[in-house]
Structures are given as C-alpha cells and as structure tokens.
Amino acid sequence: MLDLRLKRFNIEIQQVGHQPVAIRSAMPRNQSPDVVMKHQDTVDTRSESPREIGAALRQLRHDQSMSLQELAKKSGVSVGMISQIERDMANPSMRVLTAIRRALNIPMQAMFGDEKSDGGDPSFVRRSKRRPHIDLGSLQKELLTSGGNHNLQIMILTLSPGGTSGDTALSYPAEKGGLVLEGEFILAVDQQEALLQQGDSFVFDSSLEHSIRNDSDRTATILWVIGAVQFDRHL
C-alpha cells in the first residue's frame, strides 16, 4: 500500500510540474489532484490563519440570495471553483478573489469579516491586535483600515518566496500604491516589470493589467494601499 501511494505521488508531481505550490498541492491529502489541474488559480496550501475565506464568501453570497450558478456567471469563475473555495478546500488567487468580490459588489473590507472597534475607541482607529487576516496560501492580507465603509483600503501583504498574485493579471478601476517594508518583490504593470526592494515605493493605475510575484528566497512584506477612483476616468 505504501509503495502504491508513493507511486501515485510521483505521478502527481509529474502532472503538475515543478512549481513548489503545485507540488505541495499534489501531496496525498483529502483532495484529488485533478482539482489542481482544473483550477490553476487556486492552491491548496492552507495554513493556520485567523480567517477562512470560504465561510465569509458563502455568507456574503447568501446575504444577496445569489446562487452558485448566478455568481459564477457574473464573476466568470466556474461553479466548481467557487464551491471549492466556499468549503475551504482551495485558496483563491487575488484574481479570483477580486472577480468574486466585484460580482458581489462588495468592498475588500467585507471579505475580512471586519471586526468593530472596542474599548471605547473611535471608529477611525484600528488597534494592532484587532487586525483581520485573510490567508490565500502564499499570500497573506492583513487589514489596517478601521471599520466602516471607506474609499481607501490599507493593508499589509505578506508574499512568501515563490508566491504570486495568480496566473492571470488583475485589472479594475482603482488607484494602488505602497511601500516595501521587508524583502523584495516584482511588480508588473502594463507589461512593464520592476524589482522593488525594502524602502521602495510605487503608485499605479489599477485599470492597467498588473501582478506581483516573489522570485527571491525571502518573504516580502508590503504596505498596500487601494483607493477608489471616479469611474468617468475609465470611460
């Protein structure tokens, strides 16, 4: 039986290639390898995290009385992938998460299951011990913006070595900017790339196709800012 499992594991590694995330996903767990092959914008590298994204997505969808099929049609994400994410069987890439969020017409903050301030703090304060987290496998998001609806979202991204924002570039109307707090990463915007290191900052138009990746052997920590813009700028 052990020999059979090892043989199956070797075959799965050959099927998914040599990407570290894909190899970890192929290890014998409670998931079939064909999930990785069919849904390449998700990775099953779930680690302990204060926030599982699946339950939040499912609740947000139910709040709008939207079926899986309706959400799939509006977001362009397959029913199977959404179902996997909602059951926490796979972590969505940034592209997939953004597509679902925009189809639900909700701010990024809603995905964190935002916690209200306590201890008599005013609404504009976010204490460090009450920062919501989202675990997307090789990418972690930590919300800094205080509770409530804001046109400005501030967070800390932690990008593991080999981590990326996904196989497909992101693009939607917004302004994005940030500062590299630790390590380095590559930011690609409109087919141009820049290696950004500790202390470097950036601002770009998020309607242009963009992506991030960490080709180094060190974890990158990035202060990430998203600002809403007027839609007439993009008409």
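Residues numbered from 1 in each chain as written. Predicted model: local features only at pLDDT ≥ 70, side-chain atom pairs only at ≥ 80, totals over all residues. Heavy atoms only, no water.

1. Here's the deal with the overall build of the protein
Inference 1: Broken down by element type, the protein carries eight helices and eleven strands.
Inference 2: Here the protein, with 235 residues, has 44% of them falling under the buried criterion.
Inference 3: Counting only contacts in the protein whose residues sit at least 6 apart along the sequence, the fraction spanning at least 24 positions is 61%.
Inference 4: Summed over its atoms, the accessible surface of the protein is roughly 12,800 Å², and 49% of this surface lies on carbon and sulfur atoms. (Helix = DSSP H or I, 4+ residues; strand = E, 2+ residues; numbered from the N terminus. Buried < 20%, exposed > 50% of the residue type's maximum accessible area, 1.4 Å probe, protein only. Contact = heavy atoms within 4.5 Å. Areas by Shrake-Rupley, 256 points an atom, 1.4 Å probe, with all protein chains shown as cover.)

2. Considerations on empty space enclosed by the protein
Inference 1: Evaluation of the coordinates by the stated rule reveals one cavity of 30 Å³ or more.
Inference 2: Roughly 50 Å³ of internal volume is contained in the largest cavity.
Inference 3: Lining of the largest cavity is provided by Met94, Thr98, Met108, Lys141, Met155, Leu170, Tyr172, Lys176, Trp224 and Ile226.
Inference 4: Those elements that provide at least two residues to the lining of the largest cavity are α7 (94-104) and β11 (220-227).
Inference 5: Residues of the lining of the largest cavity, tallied by class, amount to seven nonpolar, one polar and two charged. (1 Å grid on protein atoms, 1.4 Å probe; cavity = no way out; pocket = protein on both sides within 12 Å on 5 of 7 lines; lining within 4 Å. Points joined across faces, edges and corners; volume = space filled by probe spheres on them. Nonpolar A, V, L, I, M, F, W, Y, C, P; charged D, E, K, R; others polar.)

3. Quick word on the environment of Met155
Inference 1: Here Met155 shows up in strand β5 (residues 152-159).
Inference 2: Met155 gets classed as buried once you look at its relative accessible area, which sits at 0%.
Inference 3: A C-alpha to C-alpha distance of 4.9 Å links Met155 and Leu144, two positions eleven residues apart in sequence.
Inference 4: Each residue touching Met155, except ones within four places of it in the same chain, is listed here: Met108, Phe112, Lys141, Glu142, Leu143, Leu144, Ile222, Leu223, Trp224 and Ile226.

4. So, the pattern of salt bridges
Inference 1: The full count for this structure, using the stated rule, is five salt bridges.
Inference 2: Between Arg213 and Asp215 there is a salt bridge, with the nearest N and O atoms lying 3.0 Å from each other.
Inference 3: Arg213 sits in the partly exposed class, given a relative accessible area of 25%.
Inference 4: Classification of Asp215 by relative accessible area gives exposed; the value is 55%.
Inference 5: Here the salt bridges do not stand alone but share partners, grouping Glu193, Arg213 and Asp215 into one network. (Salt bridge = Lys/Arg side-chain N within 4 Å of Asp/Glu carboxyl O.)

5. What about unusual backbone geometry?
Inference 1: At Asn105, a residue that is not glycine, the phi angle is positive and equals roughly 55°.
Inference 2: By the secondary structure assignment, Asn105 is in the loop between α7 and α8 (108-111).
Inference 3: Classification of Asn105 by relative accessible area gives exposed; the value is 70%.

6. A closer look at helix α4 (residues 53-63)
Inference 1: Among the residues of α4, Ile53, Gly54, Ala56, Leu57, Leu60 and Arg61 are the ones counted as buried. Down the axis of α4, the buried side of the element spans an arc of 165°, and every buried residue falls inside it.
Inference 2: Looking one or two residues past α4, Ser65 carries a phi angle of roughly 50°, positive in sign. (Arc of directions from axis to C-beta.)

7. Some words on the pairing of β5
In the case of a regular strand, side chains alternate between the two sheet surfaces.
Inference 1: When strand β4 (residues 139-143) meets β5, the two strands line up antiparallel, connected through five bridges. Bridge assignment links Lys141 to a residue of β5, and that residue is Leu157.
Inference 2: Where β5 lies against β11, eight bridges are found, and the strand directions are antiparallel. Within the sheet, the bridge partner assigned to Ile154 lies in β11 and is Val225. (Pairing = 2+ DSSP bridges.)

8. Let's talk about the confidence of the model for the protein
Inference 1: This prediction gives the protein a mean pLDDT of 77; 72% of its residues lie at or above 70.
Inference 2: The low-confidence segment residues 4-50, where pLDDT is below 50, has 68 contacts with residues more than four positions distant or belonging to other chains.
Inference 3: Taken together, the stretch residues 231-235 has pLDDT below 50 and engages in eight contacts with residues farther than four places along the chain or on a different chain. (pLDDT = per-residue confidence, 0-100.)

9. Digging into the environment of Ile106
Inference 1: Along the chain, Ile106 falls in the loop between α7 and α8.
Inference 2: Once the C-alpha coordinates of Ile106 and Leu60 are considered, the two residues, 46 residues apart in sequence, prove to be 8.7 Å apart.
Inference 3: In this structure Ile106 touches Leu60, Gln64, Arg101 and Met111, once residues within four positions along its chain are discounted.

10. A few points about the sheet that holds strand β10 (residues 210-213)
Inference 1: With antiparallel pairing, the three strands of this open sheet are ordered in space as β8-β7-β10. The open sheet has two edge strands, β8 (192-197) and β10, and neither has a second partner. Averaged over all pairs of adjacent strands, the angle between strand axes in this sheet comes to 20°, irrespective of strand direction.
Inference 2: The pairing of strand β7 (residues 184-189) with β10 spans four bridges and is classified as antiparallel. (Axes fitted to C-alpha atoms, helices over the stretch in contact; angles between N-to-C directions.)

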